[in-house]
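Summary of structural features
Each chain, written out:
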Amino acid sequence: MTADDAIAAAKAELLAAVAGAQPDGTYDDAGFARVAAAIAVLVPLTPTPSPFATPQVVAGPWRSIYAQFGPRHTAGKPVRHRTTLNLQSFNHFPAIPVTVEGIDQEIGPPGADYNNVVAVTPADGGPTAELIVRGRYSLAAALPQRYTVDFYGVELRAAGIDGDGLRAAFGLPEGHALRHDLKPMKLHSDVVYCDADLRINFGSMGGVYVLRRLPGPGRTLAA
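The model shown is predicted, which means the values in this text are computed figures rather than measured ones.

This brings us to helix α5 (residues 163-170). Buried within α5 we find Leu-166, Arg-167 and Phe-170. Buried residues in α5, looked at end-on, bunch into an arc of 100°, giving them a common side. Along α5, exposed side chains directed more than 90 degrees from the buried face belong to Asp-164 and Ala-168. Buried positions along α5 lie against β3 (97-108), β4 (113-122), β5 (129-140) and β6 (143-157). Downstream of α5 by a residue or two, Gly-171 has a phi angle that is positive, lying close to 70°.

This part covers the nonpolar core. It is characteristic of soluble globular proteins that their nonpolar side chains tend to be buried jointly. Counting 34 residues, the largest nonpolar core has Phe-93, Val-120, Tyr-147, Leu-156 and Leu-172 as the members making the most contacts within it. Mapped onto this core, the elements with two or more residues apiece are β1 (60-68), β3, β4, β5, β6, α5 and β7 (179-194). Looking at this core element by element, the count peaks at five residues for β6. What Leu-172 contacts, discounting residues up to four positions off in sequence, is Leu-85, Phe-93, Pro-94, Ile-96, Leu-156, Arg-167 and Leu-178.

A separate point is the environment of Pro-184. Looking at the secondary structure, you find Pro-184 in strand β7. Of the residues examined, Pro-184 reaches a relative accessible area of 76% and is grouped as exposed. Distance in space between the C-alpha atoms of Pro-184 and Gly-135 is 10.0 Å, their sequence separation being 49 residues.

The phi dihedral of Phe-90 is positive, around 55°, even though this residue is not glycine. By the secondary structure assignment, Phe-90 is in the loop between α4 (85-88) and β3. Judged by its relative accessible area of 35%, Phe-90 falls in the partly exposed class.

Turning next to the packing of aromatic side chains. Where two aromatic rings form a pair, the distance of their centres and the angle of their planes describe that pair. Taken as a whole and assessed by the stated rule, the structure comprises five aromatic pairs. For the pair Phe-69 and Tyr-209, a centre-to-centre distance of 6.2 Å together with 70° between the ring planes defines the contact as edge-to-face. On the criterion of sequence distance, the pair formed by Phe-69 in the loop between β1 and β2 (81-84) and Tyr-209 in strand β9 (residues 208-213) is long-range, its members being 140 residues apart. Overall, the relative accessible area of 12% leaves Phe-69 in the buried class. Ring plane angle 45° and centroid distance 5.9 Å describe the contact between Tyr-114 and Tyr-147, whose orientation is recorded as tilted. Here Tyr-114 is found in strand β4, whereas its partner Tyr-147 is found in strand β6, with 33 residues between them in sequence.

Calculation criteria
- As a convention, each chain's residues are numbered from 1 in the sequence order in which they are written.
- The model is predicted, so local features are restricted to residues of pLDDT at least 70 and side-chain atom pairs to those at 80 or more, both for listing and for counting; the totals for chains, interfaces and linings are taken over all residues.
- With hydrogens and water excluded, all non-hydrogen atoms of the structure serve as input to the side-chain values.
- Think of it in three bands: residues with accessible area under 20% of the maximum for their type are buried, residues over 50% are exposed, and the middle band is partly exposed, with areas taken using a 1.4 Å probe on protein chains only.
- Here a strand is any run of E in DSSP of at least two residues, a helix any run of H or I of at least four, and the numbering for each starts at the N terminus.
- The reported arc concerns the directions from the helix axis to the C-beta atoms and nothing else.
- Contacts were defined at the residue level, with two residues in contact if any of their heavy atoms lie within 4.5 Å.
- Side-chain atoms within 4.5 Å link the members of a nonpolar core, which is a set of buried Ala, Val, Leu, Ile, Met, Phe, Trp, Tyr and Cys residues.
- Note on ring pairs: Phe, Tyr and Trp rings are taken, using the six-membered ring of Trp, and paired if centres are within 6.5 Å. Classes follow the plane angle, with under 30 degrees stacked, over 60 edge-to-face and the rest tilted.

What follows is the structure in structure tokens.
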């Protein structure tokens, strides 16, 4: 078996394991173990062992298809799950219930952008908005897979909806700011596997993420 064949087989098994979620998006013990085993097989086969040397390979927009969240308040939840705005925004928005519909990540070397783009809807239904946590990354030769990220801002926005309409849709107080600066905070995420269309990250808070590359340049990246 060639190296390419081994990667193709390992990717197929991982994608099949991820697709084996229960109807609510969670995994039973056997399914969870299958995903973990498939990740363990694929990670050593990465064709991008040093994002430090080739950051352009990791660049672009990506969508989470599997997320094993690390923080206790999200442990065991699927990508689509109920949460609150404060938990998604480092407490800069009120504790208003929302549904996370999807989680994208956009990485851009020109501006060292590292932005998390979370699609959210009001818990009782309504328009989809983007909760964007903006960050800048750095890479170092000593840990060539590690993106050290300084998150500096969070904002809520929705195409075609003005500020007042967005506040009303999500139950935010009148005049509540839709953009907030964050106190300097550094987290890291290791890109332990990356090829043309699939990426695996291990986060500093214990998360494990499998992402598929999206077409296009991304919605939040600096030109």
